[in-house]
Amino acid sequence: MRQHYSFRRERLRRSSLANRCPICDGTGCGQSEGFVLCFRVQDGSIKQANSGAWLHTNINVERVPFERRIETPLASIERRNLVYATMLDALSLNQKHGEHLANARRLSNATIIKAGFRSVPNRFRGDAIAAALSHRFELKGVPGFWRKAGQWVMRFAGCDGFYIPIRNAVGQIEALQIRSFRGDSKYLLVSSSDLPDGVSSGAPAHFTGHPCATVIVTEGALKAEVIAEAKRRRNESDYTIGLVAVGSFSDSFGANLRRICPFIRTVELAFDADWQTNDKVQMQMRRLAASVKSAGLALKVLTWKSEAKGFDDELLRGER
């Protein structure tokens with residue numbers, strides 16, 4: 001039987017662009033003085049955290065000094081939603097990012113507006129928005145904001161990319177992700193857990209489309225939006241969930257889904273086609289399947305015969 005381990009949040013430090021994960025060289029993984037919780041690379045042992053990350057111990061790498069601190073409590077979903085919605089209202093979508101969404105992703109103006117995509121502001125504009133927000137809301141506990149020299153600032157301001165709001169089943173913005181066009185990391189979760197008065201965003205799933213008995217589960221909020229719209233153009237069920245990563249779900253995923261969406265009967269899993277040759281992804285699929293089935297839900301794995309990488313690519317390929 002696979003063992004799962006829980007770790008107190010204050011012991012972990014999220015990997016960032018400045019302090020990358022020593023296992024996968026990515027961001028978002030958890031680091032501490034004696035171990036690393038990596039979401040991308042499976043350890044040869046069976047040690048796995050409840051988050052789905054793999055526990056790597058005895059890592060002989062040079063680290064940024066680890067400072068223990070008390071983790072800032074995450075703000076309520078109501079406050080996060082209000083802060084993020086107000087922030088996005090103050091921003092716009094530039095031409096480059098808009099063309100990417102419309103042409104490469106085939107998203108309509110209606111979906112682009114409804115989803116709330118906005119370009120990340122430059123540093124000066126970002127800090128000005130953070131300062132203005134701090135006069136209206138308590139920013140402590142809202143991921144992506146932190147206090148620099150006593151002033152609230154916005155993390156990742158200046159990044160060439162656009163925000164992807166991650167919404168829960170009732171449409172509230174739980175977190176933000178950035179589709180970046182510069183650097184090694186294409187997608188960045190807007191978190192500030194390693195900064196003064198900052199907090200982790202966690203890895204919430206994104207819900208989009210019209211609730212129905214069948215839901216598609218894929219990897220990525222943006223990919224979920226593309227799939228949902230492509231399905232709508234076919235007059236098919238479009239309810240879609242985008243996970244942050246293939247392993248970013250707990251073992252209670254199925255039970256939680258059944259609780260918040262009691263109308264769901266079937267989960268259709270649409271991971272990228274390379275799962276068929278990727279043992280690590282297959283392991284996560286088996287884990288998700290067990291969670292879904294234990295909740296009394298049916299599971300179907302979607303496959304396609306073309307060379308399209310993802311289900312979104314397959315749907316768009318059929319339109320060209």
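For the structure, see preceding data.
Predicted model, so just to flag it, every value in this text is computed and none were measured. Going along each chain's sequence as written, the residues are numbered from 1 onward. At least 70 in pLDDT is required for a residue's local features to be given in this predicted model, at least 80 for side-chain atom pairs to be given and counted, and no such filter applies to totals for whole chains, interfaces and linings, which use all residues. Neither water nor hydrogens contribute to the side-chain values; these are computed over all heavy atoms in the structure.

A. View of the sheet that holds strand 17 (residues 298–301). Judged by pairing direction, the sheet is mixed, and its 5 strands sit side by side in the order 13-15-14-16-17 without closing on themselves. In this open sheet, the two strands that pair with only one neighbour each are strand 13 (206–208) and strand 17. Neighbour-to-neighbour, the strand axes of the sheet open up by a mean angle of 25°, direction not taken into account. When DSSP locates at least two bridges between a pair of strands, those strands are taken to pair. Helix and strand assignments come from DSSP, with helices taken as H or I runs of at least 4 residues and strands as E runs of at least 2, each series counted from the N terminus. Relative to strand 17, strand 16 (residues 266–269) runs parallel, the two being bridged by 4 bridges. Following the sheet pairing, Thr266 is matched in strand 17 by Ala298. Here the axes come from fitting lines to C-alpha atoms, over the contacting stretch only for helices, and the angles between their N-to-C directions go from 0 to 180 degrees.

B. Expanded view of the side chain of Glu229. Structurally, Glu229 is set in helix 5 (residues 221–233). Burial classification: accessible surface area is computed with a 1.4 Å probe over protein chains only, and a residue below 20% of its type maximum counts as buried, one above 50% as exposed, and the rest as partly exposed. Owing to a relative accessible area of 6%, Glu229 belongs among the buried residues under this scheme. At 2.2 Å, the side chain of Glu229 forms a polar contact with the side chain of Thr111. The residues touching Glu229, leaving out its near neighbours within four places in the chain, are Arg106, Leu107, Ser108 and Thr111. Polar contact is the term for a pair of N or O atoms within 3.5 Å; when the atoms are in protein, one must be able to donate a hydrogen and the other to accept it, and sequence-neighboring residues count only if both atoms are side-chain atoms. Working rule for contacts: check all heavy atoms of both residues, and any pair within 4.5 Å makes them a contact.

C. Fine view of the environment of Arg14. Tracing the backbone shows Arg14 in strand 2 (residues 13–14). Assessed through its relative accessible area of 17%, Arg14 is described here as buried. Placed 15 residues apart in sequence, Arg14 and Cys29 show a C-alpha to C-alpha distance of 5.6 Å. The residues contacting Arg14, other than those within four sequence positions of it, are Gly28, Cys29, Ser191, Ser193, Asp194, Ser200, Ser201 and Gly202.

D. Focus on the environment of Ile112. Here Ile112 lies in helix 3 (residues 109–115). For Ile112 and Glu225, which are 113 residues apart along the polypeptide, the C-alpha to C-alpha distance reads 9.2 Å. Setting aside residues up to four positions removed in sequence, Ile112 forms contacts with Leu93, Gly98, Leu101, Ala102, Leu107 and Phe117.

E. Layout of the pattern of salt bridges. Definition used for salt bridges: Asp or Glu carboxyl oxygen within 4 Å of a side-chain nitrogen of Lys or Arg. Taken as a whole and judged by the stated rule, the model has 12 salt bridges. Asp197 is the salt-bridge partner of Lys140, the closest N and O atoms lying 3.7 Å from each other. Of this pair, Lys140 sits in the loop between helix 4 (123–136) and strand 8 (145–148) while Asp197 sits in the loop between strand 12 (187–189) and strand 13; the two residues are 57 residues apart in sequence, bridging distant segments of the chain. Overall, Lys140 belongs to the partly exposed group, its relative accessible area being 36%. Take Asp197: its relative accessible area is 24%, and that puts it in the partly exposed class. Among the ionic pairs, Arg232 bridges to Asp238, the shortest N-O distance being 2.8 Å. Since its relative accessible area comes to 28%, Arg232 is described here as partly exposed. For Asp238, a relative accessible area of 3% puts it in the buried group. Members of the salt-bridge network, linked through shared partners, are Glu229, Arg232, Arg233 and Asp238.

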